[in-house]
Amino acid sequence: MARPGSGLNGLGYPPQNLARVVVWEWLNEHGRWRPYSAAVCHHIENVLKGDARGSVVLGQVDGQLSPYIIDLQSMNQFRQDTGTMRPVQRNFYEPSSAPGKGVVWEWENENGSWTPYDMEICVTIQNAYEKQHPWLDLTSLGFCYLIDFNSMAQTNRQSQRKRRLRRRMDLAYPLIMGSIPKSQSWPVGASSGQPCSCQQCILVNSTRAASNAILASQRRKLHGQAGNGATGTLTTVRQSNTFTGTSLWSPASTPSGTNDNNIRAGGGQAKAEQVQVPLSKANFPCSPVRPSISAHGHHTLTINGQNNLNRPGTQRISMGTARGSIPPGVPALPVKNLTGSGPVHPALAGMTGILMCAAGLPVCLTRAPKPILHPPPINKSDLKPVPGINGMRRKTKKKHLRRGKNPEDVVKRYTDKIKVAPDEDCTICMERLSMASGYEGVLQHRGIKPELVGKLGKCGHMYHLLCLVAMYNNGNKDGSLQCPTCKTIYGEKTGTQPPGKMEYHVIPHCLPGYPDSKTIRIVYDIPAGIQTNEHPSPGKKFSARGFPRHCYLPDNEKGRKVLKLLTMAWDRRLIFTIGTSSTTGETDTVVWNEIHHKTEFGSNLTGHGYPDPNYLDNVLTELAAQGVGEDNLKD
C-alpha cells in the first residue's frame, strides 16, 4: 500500500530523481485531514513555485471555496468571513496510487450527495480494489467499516447501516520530480536570487553588517576558549548569511564516545535541556525557527516554513512534541498572527530579535495562540434544553413571510397630519416642508397630496407623507416604519432572512470569563436557494457559506435573556440577510445582519469570542436597534 510520505528521507524530501504526487489537506474539527481537490492542489503548487511564503486564494479555482485563503508561511487555512483558521499540510504519495491516477472514492451521505474519503483511506481502498479483493476492513485505520466491492457498499460493523460508495475518475494530483527544494530561511525570489522586499526583511537586512562584526568577535572568543582545553560539545558561531539561509548559531558535532550536552558561550555554561537557542525567529523573520534535541543529545534547528511543508504528518507531529520549553528569564514576544492579534508587529520583533541575539542576549519570539473555535466533543445525551425557554429548535414559518398592508395605510397609522408645516427641510427629499414633496410627479398615491406633512407619533420628527410612502416602498414593506432621523421603529420590523432553522441547547462546558456557568450553544443552518422579490436579485441563486454556524452564550440570567431576544429576532427574520460579504466581497450570499454573535468558543483571538465582559450589553443594544427590546419579553 502506498503510504503517505513513503520513500522519503529523514527530512521529508524525496530522494533525487524520485517522483511523488502532492496532496494538500486541511484539518477538520474532528482531527481528520481532509484532502483538497486535485484542481485546488495544482493551484496551490503553482502559487508555491512563485512565492513560497505567499497566500493562496482558493476561490480563484473553486467558487465554493471563495471565502478561504491559505497562508503558506504559517500553513493555515483562513476563512475571511468568520475568521476561522485551520492547519493545512502537504503530503506525498506514490505516482501509482489513487491520487496519482486521479481515482476518487466517495460515500453517499444523508442528503444524497457524495463525500470523498480521507486520502489515506482512498489509497487503501484503491489498493485493495486493484488487487481484486472482494472486501476491505477499515478497522486497522481506525474505522469500524467494511467495504464490499461486489455491492459497492460501506457497512458500519456496529450499527449495520449501509451506504453506497462509488469510484470515479478525476484530474490527477500534481506530480513533482527529484528532491523538493528547501525553503530559503531568508525569502528570496523564485529565480532572481534577490531578497524579498517585505518590511521585516528590509529592516533586518539593514543590521547585517553590525551583527556580523559582533558575531566575528564572539567567534574569536569561543575559539580562544576551545584552545584552552575545553572539552565536550563546542558551540561555534557562524557569520550571518542573509541569502543562503544559514543560522547564526550552529553547534558542532560531539566527539565520538561522548554525550556532553554542555554549551560554552562567553564563559557561561548550562545544560542543553535548559538553553534556549538564541535565534528563534530573529534571523529567520519570515520562517520561525524551533529548537529541538536529537536522540544523541545534539541540538538541531527546525525551520518552520516551506521545509515543514514537505514533512510527512508523523514527522511534523514528532517535531511539535520535541520543542524546547522557554527557560525562565528569557523574554517571550508574541508576534502578530493572521488575525492581527498580538502586541508586537513582526517587523519590529524581527529587528529587536536580531539585535538582541547579535549582542549575545537570549530572546524567544513566539506565535500568538490559535483560536479555539469549538468545544470538546459532546454526546447527544449531554445536550440539555435551556432553562426557561420552550423547545430547542425554531424554523422559519410561512406566517413570517407575509407582507404588510398598502403603503398609505401604514404611513397614516403612525403619523399625525400637520396643518401648518414648519419652515425646515424634509430630511428624505431635502425640500422645505412648506413646499411640495420632492417626489411630486415621480410618485402618486390616491389620498396623499405632495404638500401634506405628517409627524411621527413617538419621536415627533416631521416629513412629507409622500416621502414616507416612497421610503416604505423602498424598504421591506412589512407593515413597519423606521424614522430616518432617530431610527425609532414603528410597528414590528421584519427582515429578509431566507428560510432555515435555529437550534439552541446547553452544553456542559464553560466559556472564558464565566467559570461558574455552563454554555448555551446556538446553531444556525440556512441552505443555499433562490432569491425572491424581497431580495437584491430576484430569481438568482444565493450562496450560504459557513453553515451550520455555531455561536455561544453563557448559561446565566442575562445570557438566557439574550437568547430569548435572539429567537424573537430569528422569528422576525432579522439575524441574517442576503447581500455582499464585507470580508470576501462575494455578492448574493447570506451575511450577518448587524446583530453580532460570538463564534469563537474558547478564546477571543479573532474578536468573536470570550472573555468579553461588554458583549451581552452590546448585543442587547443591537437587538433593541432592530426593534427587539426587553419590553418585548413576556413575563
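Relevant structure appears above.
Values in this document were obtained by computation on a predicted structure and should not be read as measured data.

Rules used in this analysis
- Throughout, residues of each chain are indexed from 1 in the direction in which the sequence is written.
- At least 70 in pLDDT is required for a residue's local features to be given in this predicted model, at least 80 for side-chain atom pairs to be given and counted, and no such filter applies to totals for whole chains, interfaces and linings, which use all residues.
- Only hydrogens and water are set aside; all other atoms, that is, all heavy atoms of the structure, feed into the side-chain values.
- Only protein chains enter the area calculation, which uses a 1.4 Å probe; residues under 20% of their type maximum are buried, those over 50% are exposed, and those in between are partly exposed.
- Put simply, DSSP marks the helices as runs of H or I at least four residues long and the strands as runs of E at least two long, and each gets a number from the N terminus on.
- Two residues qualify as a contact provided that any one of their heavy atoms is within 4.5 Å of a heavy atom in the partner residue.
- A pair of strands counts as paired when DSSP detects no fewer than two bridges linking them.
- Axis lines are fitted through C-alpha atoms, for helices just across the contact stretch, and the angle between N-to-C directions can take any value from 0 to 180 degrees.
- Should a side-chain nitrogen of Lys or Arg be within 4 Å of a carboxyl oxygen of Asp or Glu, the pair is scored as a salt bridge.

Chemist: Is there a simple way to think about helix H10 (residues 465-473) in this case?
Modeler: Owing to its 3.6 residues per turn, the α-helix aligns residues three or four sequence positions apart on the same side. Within H10, seven of the nine residues are buried, which leaves the element mostly enclosed by the surrounding structure. The complete set of buried residues in H10 reads Leu465, Leu466, Cys467, Leu468, Val469, Ala470 and Tyr472. Looking at the buried residues of H10, the elements they touch are helix H9 (407-414), strand S23 (415-418), strand S24 (453-456), strand S25 (462-464) and strand S26 (481-482).

Chemist: Hey, could you run me through the sheet that holds strand S10 (residues 145-148) in this one?
Modeler: Two strands in a sheet stick together by hydrogen bonds in their backbones, pointing the same way (parallel) or opposite ways (antiparallel). With antiparallel pairing, the six strands of this open sheet are ordered in space as S8-S7-S12-S11-S10-S9. The open sheet has two edge strands, strand S8 (114-116) and strand S9 (135-137), and neither has a second partner. Taking each pair of neighbouring strands and ignoring which way they run, the sheet shows an average axis angle of 30°. In the sheet, S9 pairs with S10 via three bridges, with the strands oriented antiparallel. Bridge pairing links Leu136 to Ile147 in S10. On the sheet, helix H3 (residues 119-130) packs against strand S7 (103-108), S9 and strand S12 (162-169) and is oriented at approximately 105° with respect to S7.

Chemist: How should the sheet that holds strand S29 (residues 519-525) be read in this particular structure?
Modeler: The strand order across the open sheet formed by four strands is S22-S28-S29-S32, and the pairing between neighbours is antiparallel. Every other strand in the sheet has two partners, leaving strand S22 (393-395) and strand S32 (549-554) as the edge strands with one partner each. Each strand axis lies, on average, 20° off the axis of its neighbour in the sheet, ignoring direction. The pairing of S29 with S32 spans six bridges and is antiparallel. Within S32, the position partnered with Ile520 by the bridge is Leu553.

Chemist: Whenever I open this one, the pairing of strand S11 (residues 153-156) confuses me. Can you help?
Modeler: Side chains on a regular strand alternate between the two faces of the sheet. Residues Ala153 and Thr155 line one face of S11 and the alternating positions Gln154 and Asn156 line the opposite face, and both faces are buried. The pairing of S10 with S11 spans four bridges and is classified as antiparallel. The residue bridging Leu146 from the neighbouring strand is Thr155, located in S11. In textbook terms, the turn of a hairpin is the stretch between consecutive antiparallel strands, and for S10 and S11 this stretch comprises four residues, one of which, Met152, has a positive phi near 50°. Relative to S12, S11 runs antiparallel, the two being bridged by three bridges. Looking at S12, one finds that Thr155 is bridged to Lys162.

Chemist: Explanation requested: the pattern of salt bridges in the structure shown.
Modeler: The full count for this structure, using the stated rule, is 23 salt bridges. Measuring nitrogen to oxygen at the nearest pair gives 3.3 Å for the salt bridge that ties Asp137 to Arg157. With Asp137 in strand S9 and Arg157 in the loop between S11 and S12, the pair connects residues that are 20 residues apart, well separated along the chain. Of the residues examined, Asp137 reaches a relative accessible area of 26% and is grouped as partly exposed. In this structure, Glu492 and Arg572 form a salt bridge, with 3.7 Å as the shortest nitrogen-oxygen distance. You can see Glu492 sitting in the loop between strand S27 (489-490) and strand S28 (501-507) and its partner Arg572 sitting in the loop between helix H11 (557-571) and strand S33 (576-579), a full 80 residues away along the chain. On the basis of relative accessible area, Glu492 is assigned to the partly exposed category, the value being 46%. The exposure class assigned to Arg572 is buried, which follows from its relative accessible area of 9%.

These results come straight from atomic positions and should not be treated as a statement about function.
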